[in-house]
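# Chains, contacts and geometry: an overview
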Amino acid sequence: MSKVNERNLVVGLDIGTAKITVAVGEITPDNKLSIVGVGNQPARGMDKGGVNDLNLVIQSIQRAVNEAELMADCRIGSVYLGISGKHIRCQNENGMVPINDQEVIQEDVDNVIHTARSVPISAERRMLHVLPQEYSIDCQDGIKSPIGMSGVRMEAKVHIITCANDMAKNIVKCVERCNLNADQLIFSALASSYAVLTDDEKELGICVVDMGAGTMDISIFTNGALRHTAVIPVAGNQVTSDIAKIFRTPLSHAEEIKVQYACALKQLVSMEESIEVPSVGGRPARSMSRHTLAEVVEPRYQELFELIHEELKECGLEDQIAAGYVLTGGTAKMEGVVEFAEEIFQMPVRIGQPTEIQGLKEYVNDPMYSTVIGLLHYGLQAKEQVSTENKQPEGFNALLTRVGAWFKGEF
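Conventions adopted
- Residues numbered from 1 in each chain as written.
- Predicted model: local features only at pLDDT ≥ 70, side-chain atom pairs only at ≥ 80, totals over all residues.
- Heavy atoms only, no water.
- Salt bridge = Lys/Arg side-chain N within 4 Å of Asp/Glu carboxyl O.
- Helix = DSSP H or I, 4+ residues; strand = E, 2+ residues; numbered from the N terminus.
- Buried < 20%, exposed > 50% of the residue type's maximum accessible area, 1.4 Å probe, protein only.
- 1 Å grid on protein atoms, 1.4 Å probe; cavity = no way out; pocket = protein on both sides within 12 Å on 5 of 7 lines; lining within 4 Å.
- Points joined across faces, edges and corners; volume = space filled by probe spheres on them.
- Nonpolar A, V, L, I, M, F, W, Y, C, P; charged D, E, K, R; others polar.

## Some remarks on the pattern of salt bridges
- Tallying each qualifying case throughout the model produces 13 salt bridges.
- One salt bridge connects Glu-201 with Arg-350, and the closest N-O pair in it is separated by 2.9 Å. Residue Glu-201 is found in helix α5 (residues 199-204), and its partner Arg-350 is found in strand β20 (residues 349-351); the two are separated by 149 residues along the sequence.
- Residue Glu-201 is classed as buried on the basis of its relative accessible area, which comes to 13%.
- A network of salt bridges, in which partner residues are shared, links Asp-242, Arg-300 and Glu-303.

## With respect to the layout of surface pockets
- Of the voids in this model, the largest pocket is the one considered here, and its volume is about 1700 Å³.
- Every residue lining the largest pocket is counted, 46 residues in all, and those nearest its centre are Leu-131, Pro-132, Tyr-194, Gln-381 and Gln-385.
- Among the elements of the structure, α2 (106-117), β10 (125-137), α4 (188-196), α5, β16 (225-232) and α11 (370-391) are those that each provide at least two residues to the lining of the largest pocket.
- Considering every element that reaches the lining of the largest pocket, the biggest residue donor is α11, with 9 residues.
- Across the lining of the largest pocket, the residue classes tally to 19 nonpolar, 17 polar and 10 charged.
- Looking at the second largest pocket, its volume works out to about 960 Å³.
- Taken together, 42 residues line the second largest pocket, and the ones lying closest to its centre are Ala-18, Lys-19, Gly-212, Ala-213 and Gly-330.
- For the lining of the second largest pocket, the secondary structure elements donating two or more residues are β2 (9-15), β4 (33-42), β8 (78-83), β14 (206-211), α6 (236-247), α7 (251-261) and α11.
- Take the lining of the second largest pocket: its biggest share by element is 5 residues, from α7.
- Residues that form the lining of the second largest pocket fall into these classes: 14 nonpolar, 20 polar and 8 charged.

What follows is the structure, given as structure tokens:
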């Protein structure tokens, strides 16, 4: 088995409430992602993005990793790791610095972002991401890339995503117990946006909702930058639970019924269709109307969509998402979801599937793989950035600074 580094591979690990997915992507010579291995296992020991039972999670991760290693014929040593849960918080901050040489260089950009991120956060929280939104130089606002521009002072607006330190430690501990390194922790909805969004949508204004089993992860983009992130701790498991209680069937069968027969909008289902519903305690299975199932599912989806709508109203970005909504994740796959969501949001809605991938596309061409494929895209960009920085020759300004320091005896 070859090592990940030898073949220029990048690995994503998505630890969800219902499933654990590993994807191995090979970076092609033209810097594209080719999927070479996928591992998928039911998640045990997880609840709403948090670890409930360390040993069960470790076993599930190990099985998914083994499956992906076997398919990709490689040994996985490190992963880009997704994180979610209601402990995720976001804030928008500003930073300002003087421009040293009347012309902005990379060092100025690094300094202004460092200033913006230097906000006090409590000891029990850690920063996950500091994402630049836009820069202003003197009187000019809305600058996307300030390098090379002239001015006296520069300001940066950034979006900061934080998480609970203990939650992050627990999830990283599970990964390390499987003899893996976590290259970086990435918020799941941010990862999904890398896999399902186009640049045009980010510019126009878009809301991505990753609808999982335990949480709905939201990220909102306008003018090409991330403006708001949130996690709503209810999702697909609520629908399964409703089916189990009302139809008096075990949870595992309720999940199967939901996946195979449920529809989010009852008007799309005919009254004549019927389905077999297994009973509990060895009782014989019963025949039920599929329309009745839709009547159970519809109110719960309505509630989920209303929670999303409420989140957008609260953050004040409801009027800025001209491109509408992209729903992704396993809970977004149900028949009737797009029609029902458009009815409630009064906006265009589409289901997001992973894009810009090659190789074993048929294995991951599904909304439930959006996060793990997004982690690969994130990893690809991170590797690109590192190789660009390593190749970059020392700038003339930086050289002058060092020569000046040498004359002053500061070397």
